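A structural walkthrough
Single-letter residue listing:
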Amino acid sequence: MSGIIKLTAEDYHSVFNKSETTKLLLAVDAPSYTILDVNCAYLNATNSTRETLVGNSVFGAFPANPTDEESKNIERTIYSFEEAIRTKKAHTMFNYRYDIPVRGTSEFEERYWTTTNTPVLDESGNVKFLIHSPTNVTEIFKLAEREKQAMEALITQRKQLYSIFMQAPVGIGIFLGADYIIDLVNPPMEKIYGCLFTEIKGMPVFDALPSVRGLGFKELLDNVRLTGNPYYGNCVSIPFVRNGILENVYVDFVYEPFRNDDGFVVGVIAVATDITEKIEGQLKQEASEAQFKFMAESMPQQVWTADANGGLDYVNERTQSYFGKNAAAIIGAGWQEFIHPDDLQGCLSKWVKALETKELYQVEFRLRRHDGQYRWYLARALPFKIDDTVVKWLGTNTDIEEHKKLEQQKDEFISIASHELKTPLTSLKAYLQLMERGVNNTDFNGKFVSNSLQQLKRLEKLIADLLDVSKISAGKMTYNIGRFDMKDLVDEVTQSVQLSNNTHQLKIRSNPTAVLDGDRYRLEQVLTNFLNNAIKYSPGAREVIIHSAIQDDDVVVSVRDFGIGIEKDNLAKLFERFYRVDNTAMKYEGLGLGLYVSAEILTRHNGSFWIESELGKGSTFYFKLPLNAGII
Ligand code: ADP
């Protein structure tokens, strides 16, 4: 049979039905788009039955999933129908979501489609039907979606890693391949290298940093890259050009193999810490310690240091040879054993006080030499502070044996001389007093006698001071304690000093009752001394102000003059024995003993004393005594 097989409508229907491609035949009756026919492939793909579809609107048969935003694609479908009708050409919608209902439930199944709407034209070229042919691309779509997500996660991970590297507090560099192409250099590494990442990115590392070429680093990198074993470098000095200057940088570093996702070593990652400051600090400290040791060893004194808690931690060679012991036996608390037992307690309490107050430590004690002999030493130490925290005490012990002996001889001489002088002076005074009675005060001889008595009184005062000094140094000063009112003492002493003086007016500004226990005679001596000094050291002035006041549990008495004043540097020394300010020593008579004796008396009364003074304007001398505390 020749020729052409005539196809019937049945045949077409059967082809339509058997086609593996899903198909709906739709009427062009917008907005319904009634389903005219449907093939088996379509029914399978959409879980539908012919009865539920044919004769219904395509949108009625497949309502939009009300819970899903994506179901807005219904609009896209209408648009595609309209486009196919308008252009009379097939129109395809790609990868859109259009969920289908699960039959018999209110649930929807997520589906993605790529659909072609093909217009079927009649003889006159008008669109008669639409063939709606969706392909279920859900699996492909989801796969692509998953790949996209995995890729995004990878990118995010890389970004995070990059940001961690860039923010790491240690230097990190990544070098790729056999040429060690710079892939990453973070800011701390930029500092170590002395250049910016952007300047060297993509360059072989030994081209970017020529100063490290030929120093063995390439061999180290090769080894790590080829064997996969890391390399650790500690405190390595590496030359880098920083700010145009070749500098040695000390680093601790590690070279680790850098692997790709498949685990192959593709380069090296270097992690480095710049420890230059630390090392240079150490070197400096070592140098300054060596310098200190050299100085301490070359000094003629015993030199020592102690830690902040007062534990001796260093003694120089001279100290060791004096004690005949090595340093280990002296440091810590070992030194205490060499101090004379009578001096140890005083020394320890001063040391404890200095540690508490963080101020000068100064004490005299006897130290036992290697041959068992004791010699007098003056120990002095000052704290070395950083931000008011003591980090070290630096001390010296100076041999004052000879000085002490001389002082002792002087004390003995003073003691003998003042006693020897006292006896003839007492007789002289008695004779002069007898003569005074026998002469007329107004005649010539009478004046001589009274002048002689006047001079004798001054001599008596000097000798009394000398006697007091020798008593103090021998520890023999005695005190007669009784109760008295400071008000009376101030009144009487002021009156008595005023009587023998007509150049100055002594003015009492305030003088309340202040009853206390003490040696009235000795305390009179203190105030007399303050008043006499005030007059003596203010030759041009006319008045001296006396002021007494109760402050808490103390009475504070002050004597103010308008005289020569005292320089600040000298204030602390005035209460020392024989101390006289240079510029006054020649002009004013005196031995420099009055304040020393006063200080001793006040200290024994648990009192205190101080001076406020301005050179050329005057001074105020204060003393303070407790009202209730017993003395000595
Ligand atoms: P003296 O007056 O006998 O020298 P002091 O012990 O009383 O001995 O005083 C010690 C030193 O203190 C004096 O030499 C003097 O330099 C200084 N001084 C004491 N009082 C005053 C004062 N009111 N004004 C200035 N200097 C004073």
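Residues numbered from 1 in each chain as written. Predicted model: local features only at pLDDT ≥ 70, side-chain atom pairs only at ≥ 80, totals over all residues. Heavy atoms only, no water.

**Observations concerning the domain arrangement of the chain**
Along its sequence, the chain is carved into domain 1 (9-136), domain 2 (168-274), domain 3 (280-399), domain 4 (404-474) and domain 5 (482-626). Taking only C-alpha atoms into account, the centre of domain 3 sits 39 Å from that of domain 5. (Domains from an automatic or database assignment.)

**Observations regarding the sheet that holds strand 11 (residues 245-259)**
Here we have five strands laid out as an open sheet, ordered 9-8-12-11-10, and antiparallel in their pairing. Looking at the sheet topology across the chains shown, the edges are occupied by strand 9 (181-185) and strand 10 (231-242). Sheet twist, expressed as the average angle between the axes of neighbouring strands with direction ignored, equals 35°. Looking at chain direction, strand 8 (residues 171-176) and strand 9 are connected through four bridges and run antiparallel. Its bridge partner being in strand 9, Phe-175 is matched across the sheet by Ile-182. Here helix 10 (residues 217-227) sits on the sheet in contact with strand 10, strand 11 and strand 12 (265-274), set at roughly 10° to strand 11. Against the sheet, helix 11 (residues 276-298) contacts strand 10, strand 11 and strand 12, and its axis sits at roughly 130° relative to strand 11. (Pairing = 2+ DSSP bridges. Helix = DSSP H or I, 4+ residues; strand = E, 2+ residues; numbered from the N terminus. Axes fitted to C-alpha atoms, helices over the stretch in contact; angles between N-to-C directions. Contact = heavy atoms within 4.5 Å.)

**Things to note about the packing of helix 15 (residues 401-438) against helix 16 (residues 444-474)**
Running from N to C, helix 15 and helix 16 point in directions that differ by 155°, and their axes come no closer than 9 Å. Of the possible angle classes, the one that applies to helix 15 and helix 16 is roughly antiparallel. Helix-helix and strand crossings are classified by hand; for helix 15 and helix 16 the assignment is left-handed. Here the residues of the contact of helix 15 with helix 16 sort into 13 nonpolar, eight polar and five charged. (Parallel < 35°, antiparallel > 145°, perpendicular 65-115°, else oblique. Left-handed = near helix turned anticlockwise from the far one by under 90°. Nonpolar A, V, L, I, M, F, W, Y, C, P; charged D, E, K, R; others polar.)

**Some points on the pattern of salt bridges**
Where side chains of opposite charge bring their charged atoms close, a pairing between them can arise. All told, the structure shown has 27 salt bridges when counted by the stated rule. Here Glu-460 makes a salt bridge to Lys-429, at a shortest N to O gap of 2.9 Å. Pair noted here: Glu-460 is in helix 16 and Lys-429 is in helix 15, with a separation of 31 residues, a long-range link. Overall, the relative accessible area of 28% leaves Glu-460 in the partly exposed class. For Lys-624, the salt bridge is made with Asp-554, and the minimal N-O distance between the two is 4.0 Å. Residue Lys-624 is located in strand 24 (residues 618-626), and its partner Asp-554 is located in strand 22 (residues 554-560); the two are separated by 70 residues in the primary sequence. (Salt bridge = Lys/Arg side-chain N within 4 Å of Asp/Glu carboxyl O. Buried < 20%, exposed > 50% of the residue type's maximum accessible area, 1.4 Å probe, protein only.)

**As for the packing of helix 16 against helix 21 (residues 594-604)**
Two elements in contact, helix 16 and helix 21, have axes whose closest approach is 10 Å; the angle formed by their N-to-C orientations is 45°. On the basis of the axis angle, helix 16 is oblique to helix 21. Crossing of helix 16 over helix 21 shows left-handed handedness. Contacts between helix 16 and helix 21 involve Asp-465, Asp-468, Val-469 and Ile-472 from the first element and Gly-594, Tyr-596, Val-597 and Glu-600 from the second.

**Details of the nonpolar core**
Within the largest apolar cluster, 44 residues are counted, with the highest numbers of intra-cluster contacts made by Met-486, Leu-527 and Phe-623. Of the domains in this structure, domain 4 (404-474) and domain 5 (482-626) are the two that each give at least three residues to this core. Residues within four places of Phe-623 in sequence aside, it is in contact with Met-486, Val-526, Leu-527, Phe-530, Val-555, Val-556, Val-557, Leu-602, Ser-608 and Phe-609. Ranked by size, the runner-up nonpolar core spans 27 residues in total, among them Tyr-193, Ile-200, Val-268 and Ala-272. (Core = buried A, V, L, I, M, F, W, Y, C linked by side-chain atoms within 4.5 Å.)

**Some words on helix 17 (residues 486-499)**
With 14 residues, helix 17 should reach 20 Å at 1.5 Å per residue; the first-to-last C-alpha distance of 20 Å fits that figure. For helix 17, the full list of buried residues reads Met-486, Leu-489, Val-490, Val-493, Thr-494 and Val-497. The buried residues of helix 17 occupy one face: seen down the axis, they fall within an arc of 120°. Facing away from the buried surface of helix 17 by more than 90 degrees, the exposed residues are Gln-495 and Leu-499. N-capping of helix 17 is provided by Asp-485, with a side-chain oxygen placed 2.9 Å from the backbone N of Lys-487. (Expected span 1.5 Å × (residues − 1). Arc of directions from axis to C-beta. Polar contact = N/O pair within 3.5 Å; in protein donor to acceptor, adjacent residues only side chain to side chain.)

**A look at empty space enclosed by the protein**
Counted under the stated rule, the structure contains three cavities of 30 Å³ or more. Lining the largest cavity are 17 residues, with Tyr-193, Phe-217, Ile-238, Phe-240 and Tyr-255 sitting closest to its centre. Classifying every residue of the lining of the largest cavity gives 17 nonpolar, no polar and no charged. (1 Å grid on protein atoms, 1.4 Å probe; cavity = no way out; pocket = protein on both sides within 12 Å on 5 of 7 lines; lining within 4 Å. Points joined across faces, edges and corners; volume = space filled by probe spheres on them.)

**Quick look at the sheet that holds strand 3 (residues 91-97)**
Neighbouring strands of a sheet are bound in pairs by backbone hydrogen bonds; such pairs are parallel or else antiparallel. Here five strands make up an open sheet; going across it, the order is 2-1-7-6-3 and the pairing antiparallel. With partners counted over all chains shown, the strands left at the sheet margins are strand 2 (35-38) and strand 3, one partner each. Neighbour-to-neighbour, the strand axes of the sheet open up by a mean angle of 20°, direction not taken into account. As paired strands, strand 6 (residues 112-121) and strand 7 (residues 127-136) are joined by nine bridges and run antiparallel to one another. The partner of Pro-119 across the bridge, within strand 7, is Leu-130.

**A few points about the pairing of strand 14 (residues 312-315)**
When a strand is regular, its side chains alternate between the sheet's two faces. Pairing of strand 13 (residues 302-306) with strand 14 involves three bridges; the strand directions are antiparallel. When the bridges of strand 14 are listed, Ala-306 appears paired with Leu-312. A loop of five residues connects strand 13 with strand 14, the two strands running antiparallel in sequence, and Gly-310 in this loop sits at a positive phi of about 95°.

**As for the packing of aromatic side chains**
Tallied over the full model, the rule gives 21 aromatic pairs. Ring centres of Trp-610 and Tyr-622 lie 4.9 Å apart, and the angle between their planes is 5°; on these two criteria the pair is classed as stacked. With Trp-610 in strand 23 (residues 608-614) and Tyr-622 in strand 24, this pair connects stretches of sequence that are twelve residues apart. The class of Trp-610 is partly exposed, set by a relative accessible area of 30%. Of the residues examined, Tyr-622 reaches a relative accessible area of 17% and is grouped as buried. Within the aromatic cluster, the residues linked to one another by ring pairs are Phe-217, Tyr-231, Phe-253 and Tyr-255. (Phe/Tyr/Trp six-rings, centres within 6.5 Å; stacked < 30°, edge-to-face > 60°.)

**Concerning unusual backbone geometry**
Here Ala-30 and Pro-31 are connected by a cis peptide whose omega angle stands at 5°. As for its placement among the helices and strands, Pro-31 is situated in the loop between strand 1 (24-27) and strand 2. A positive phi angle, near 45°, is found at Asn-95, a position not held by glycine. Taking relative accessible area as the criterion, Asn-95 reaches 43% and is therefore assigned partly exposed.

**Brief notes about the layout of surface pockets**
Quantified by volume, the second largest pocket comes out at close to 1,600 Å³. Together, 38 residues line the second largest pocket, and Glu-364, Lys-404, Glu-407, Arg-577 and Tyr-596 are the ones closest to its centre. Take the lining of the second largest pocket: its biggest share by element is eleven residues, from helix 15. Here the residues of the lining of the second largest pocket sort into 16 nonpolar, eight polar and 14 charged.

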